[in-house]
Amino acid sequence: MKPSQLLLLLLLLLLLEVSYVLLQENNKPNFVLMMVDDLGIGDLGCYGNKTLRTPNIDQLALEGVKLTHHIAAASLCTPSRAAFLTGRYPIRSGLTGTLRPGVFFFNAASGGLPSKEVTFAKIARQQGYETALIGKWHLGLSCESRDDHCHHPSIHGFNYFFGIPLTNLRDCQPGHGTVFQLHKYLPCWTLGMVVATAVALHLIGVLPLRRGMLQGLLVLVVAVTGLTAGFIRMIPYFNCVLFRDHSIVEQPFSLENLTRRMTREAVDFIDRNSAGPFLLFVSFLQVHTAMFASAAFRGTSRHGIYGDAVHEVDWSVGQIMQALERLELRENTLVYLTSDQGAHQEEGLHGGWNGIYKAGKSTNWEGGIRVPGILRWPGKIPSGRQIDEPTSNMDLFPTVVQLSGASVPQDREIDGRDLLDLLQRRQDRAHHEFLFHYCNSYLNAVRWKPQNSSSVWKAFYFTPNFFPKDQTTCFHTHVCFCTPEYVTYHDPPLLYDLWRDPSEAVPLSPDTEPAFHTVVAVMKEAVEAHQRSVKPVESQLSAAHLMWKPWLQPCCSTLTQLCQCHRNQEASTQHG
Ligand SMILES: *[C@@H]1O[C@H](CO)[C@@H](O)[C@H](O)[C@H]1NC(C)=O
């Protein structure tokens, strides 16, 4: 071969190599991951609902795979979302605590998803993806000063953010009440009692008080009551804040047309990035209370404003799918839809339906954690298929990471398992033999699917005390808590076989289930091995991290203007 020929050959090889790499780049799928808030598995047509209309979501299930045993890693928003993004049990990242509340209640709290956690968005961004979060975050905002935004979505891999750092609260809609229950959050009531008693004792002559002291006490009570009442009035301004990236767009936000605006943001993002690859996480504010729906959807369902909100979410899913269709991205986009946990039963008429599953949000009964799970990737995963194997919302982490061309981090425990083999039928069994269910920091239950049987065992070490007793809700406290006063412990654990008894109706006993002791012993061993793998980390839901800190309060105007700003979306925004 002549040197010139050799050169030509080498050049040709190089060209091939370059085009191969380019092809690989182009082969990276886009991701559209959608999470509905508090949607019950029984609310969707494709999961058996007959009266709510969810044609767009049902279509996704028809064209893709429907998971019937898809488990949220936690039954409350903050920890469930942390697990979804990181592929790890929330306890590993400190997104659990030992107190009663298991979620963030203030934008001005200092806890959040630690920056050393790795989300799939962070990895995708490193892999050349354009990334966005549209909607709810609920994983913290700032640490030490109000603009440090140390927990902001941008720290965790999202190049673009349009949404709310906290969550939609009842307080965010005038006339919908408050989640801050006055009788619990007004410590001055206690103070008032003390003063009243002191005054009474003084008047009957038992407790001699100097006049000045009495007046001082009265002033104190009035001041504390006034401040607390003022604070509660301020909550919508403090907590209901809409951001674009690091700037405040609206404070407090208006729920009017919010889903429409977010849908437009999502479609615009897809339009801007149609050359790909992109990762879009659409995190709906619906169907969490305060319940809302745009005018076009109000009154469209037989299930009040809740049903209307489900209809609007379905419409939004349809709009996003249409955008993919229009831009010919259907084939090259993996779409996922889920809910962060089961429907919130304590909301009564404003809560959804968990189908045959027991109880709901804030419990580890199936109704709290068995969620819809739909995946569509035409040509790559079969259509119209149903998978009954246990899967977890943590599985999206390794699945997305691998498809983006990276490998999962080796320096930490990853609890999610790549779904692709299961979805593409290279394998019939899920990789999850055990799943562990936490209630805040407390190990609550464990699920075991043995390799050689169809049984799915589930053992509870404690269960929430329901009230009223004959129902499966915690109406008196609005959510179920995990601390000793609110639960009943079980030793031996309460055991169910979900294959025979998916509604967890009748616990098994050594009399009714000969394998009882063996099963319980295997599960105990798995729990111990799991617990040894959990390294202690700082809790992000400790009292110090949960409390409202004035110096962290996002505020787009001065405090005397009540931190109010209403700007239309297009106007330039300012961030104070
Ligand atoms: C459909 O969903 C609504 C609203 O959550 C619920 O009230 C109803 O019982 C569900 N219907 C069925 C058949 O599951």
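Residues numbered from 1 in each chain as written. Predicted model: local features only at pLDDT ≥ 70, side-chain atom pairs only at ≥ 80, totals over all residues. Heavy atoms only, no water.

1. A few points about the overall build of the protein
- Within the protein, the regular secondary structure consists of 15 helices and 16 strands.
- On C-alpha atoms alone, the protein measures out to a radius of gyration of 26 Å, which is about the 25 Å that the 2.2 N^0.38 rule sets for 576 residues.
- Within the protein, buried positions represent 57% of all 576 residues.
- The long-range fraction of contacts in the protein, counting pairs at least 24 apart against all pairs at least 6 apart in sequence, stands at 73%.
- As displayed, the protein offers around 24,400 Å² of accessible surface, 59% of which is attributable to carbon and sulfur atoms.
- If you average the places of the 49 positive and of the 51 negative side-chain charges in the protein, the two averages end up 3 Å apart. (Helix = DSSP H or I, 4+ residues; strand = E, 2+ residues; numbered from the N terminus. Rg over C-alpha atoms; globule rule 2.2 N^0.38 Å. Buried < 20%, exposed > 50% of the residue type's maximum accessible area, 1.4 Å probe, protein only. Contact = heavy atoms within 4.5 Å. Areas by Shrake-Rupley, 256 points an atom, 1.4 Å probe, with all protein chains shown as cover. Lys, Arg positive; Asp, Glu negative; His and termini not counted. Charge placed at Lys NZ, Arg CZ, Asp CG, Glu CD.)

2. With respect to the side chain of T399
- Relative to the elements of secondary structure, T399 occurs in helix α12 (residues 396-403).
- Residues within four places of T399 in sequence aside, it is in contact with R417, D418, L419 and L420.

3. Looking at the packing of helix α9 (residues 258-272) against helix α10 (residues 304-326)
- Between α9 and α10, the shortest axis-to-axis distance is 10 Å and the interhelical angle comes to 15°. By the angle between their axes, α9 is roughly parallel relative to α10. Relative to α10, α9 is oriented so that their crossing is right-handed. For the pair α9 and α10, contact is made by T259, R260, T263, A266, V267, I270 and D271 and by E312, W315, S316, Q319, I320, A323, L324 and R326, respectively. (Axes fitted to C-alpha atoms, helices over the stretch in contact; angles between N-to-C directions. Parallel < 35°, antiparallel > 145°, perpendicular 65-115°, else oblique. Left-handed = near helix turned anticlockwise from the far one by under 90°.)

4. A word on the packing of aromatic side chains
- Applying the stated rule across the entire model yields 21 aromatic pairs.
- Residues F434 and F436 carry aromatic rings whose centres are separated by 6.4 Å and whose planes lie at 15° to one another, so their mutual orientation is stacked. Exposure class is identical for F434 and F436. Each is buried.
- Taken together, the ring pairs connect F84, F120, W137, F158, F281 and Y336 into an aromatic cluster.
- For the cation-ring pair, K66 lies above Y47, with the distance from its terminal atom to the ring centre recorded as 5.2 Å.
- Above the ring of F481, the side-chain terminus of R100 is found at 5.2 Å from the ring centroid. (Phe/Tyr/Trp six-rings, centres within 6.5 Å; stacked < 30°, edge-to-face > 60°. Lys NZ or Arg CZ within 6 Å of the ring centre and 35° of its normal.)

5. Things to note about the state of the cysteines
- The final tally for this structure, using the stated rule, is 6 disulfides.
- Two residues, C143 and C150, share a disulfide whose sulfurs are 1.9 Å apart. Judged by the sign of its S-S torsion, about 95°, the bond between C143 and C150 is right-handed.
- In this structure C143 comes out as partly exposed when scored by relative accessible area, which is 28%.
- For C150, a relative accessible area of 17% puts it in the buried group.
- Along the protein, the cysteines engaged in disulfide bonds are linked according to the scheme 1-2, 3-4, 5-8, 6-7, 9-11, 10-12 when indexed in sequence order.
- The thiol sulfur of C77 is not disulfide-bonded, and the nearest other cysteine sulfur, from C172, lies at 13 Å.
- Its relative accessible area of 2% is what places C77 among the buried residues. (Disulfide = S-S within 2.5 Å.)

6. Observations concerning helix α2 (residues 55-63)
- For α2, the full list of buried residues reads I57, L60, A61 and E63.
- Considering only its buried residues, α2 is in contact with β1 (30-36), β2 (65-71), α10, β8 (333-339) and β9 (370-376).

7. Brief notes about the site of the ligand
- Neighbouring the ligand are the residues G42, D43, N49, K50, T51, L52, H303, Y306, G352 and W353.
- Within the side chain of N49, one N or O atom sits 2.3 Å away from an oxygen atom of the ligand.
- For the ligand, an oxygen atom lies 3.4 Å from a polar atom in the side chain of H303.
- Expressed as a share of its isolated accessible area of 360 Å², the protein-covered part of the ligand is 72%.
- Residue classes in the shell around the ligand are distributed as 3 nonpolar, 5 polar and 2 charged. (Near = heavy atom within 4 Å. Polar contact = N/O pair within 3.5 Å; in protein donor to acceptor, adjacent residues only side chain to side chain. Nonpolar A, V, L, I, M, F, W, Y, C, P; charged D, E, K, R; others polar.)

8. So, the nonpolar core
- Formed by 108 residues in total, the largest nonpolar core has its most connected members in M34 and F120.
- Per-element tally for this core: the top contributor is α10, with 8 residues.
- Ignoring anything within four residues of it in the chain, the contact list for M34 reads L60, V282, F284, V317, I320, M321, V335, Y336, L337 and T338.
- Y89, W448, A459 and M523 belong to the second largest nonpolar core, which has 25 residues in total. (Core = buried A, V, L, I, M, F, W, Y, C linked by side-chain atoms within 4.5 Å.)

9. Some points on the sheet that holds strand β15 (residues 487-497)
- Ordered by their spatial adjacency, 4 strands build an open sheet running β12-β13-β14-β15, and the pairing between neighbours is antiparallel. Edge strands, defined here as strands with exactly one partner in the open sheet, are β12 (434-439) and β15. Recorded for the sheet is a direction-independent mean angle of 20° between the axes of neighbouring strands.
- Running over the sheet, helix α14 (residues 516-533) touches β12, β13 (442-448), β14 (457-464) and β15 and is turned about 125° from β13. (Pairing = 2+ DSSP bridges.)

10. Section: the environment of R330
- With respect to the helices and strands, R330 occurs in the loop between α10 and β8.
- Sequence-wise, R330 and W377 are 47 residues apart; in three dimensions their C-alpha atoms are separated by 7.6 Å.
- Ignoring any residue separated from it by four or fewer positions in sequence, one finds R330 in contact with E63, L324, E325, R376 and P378.

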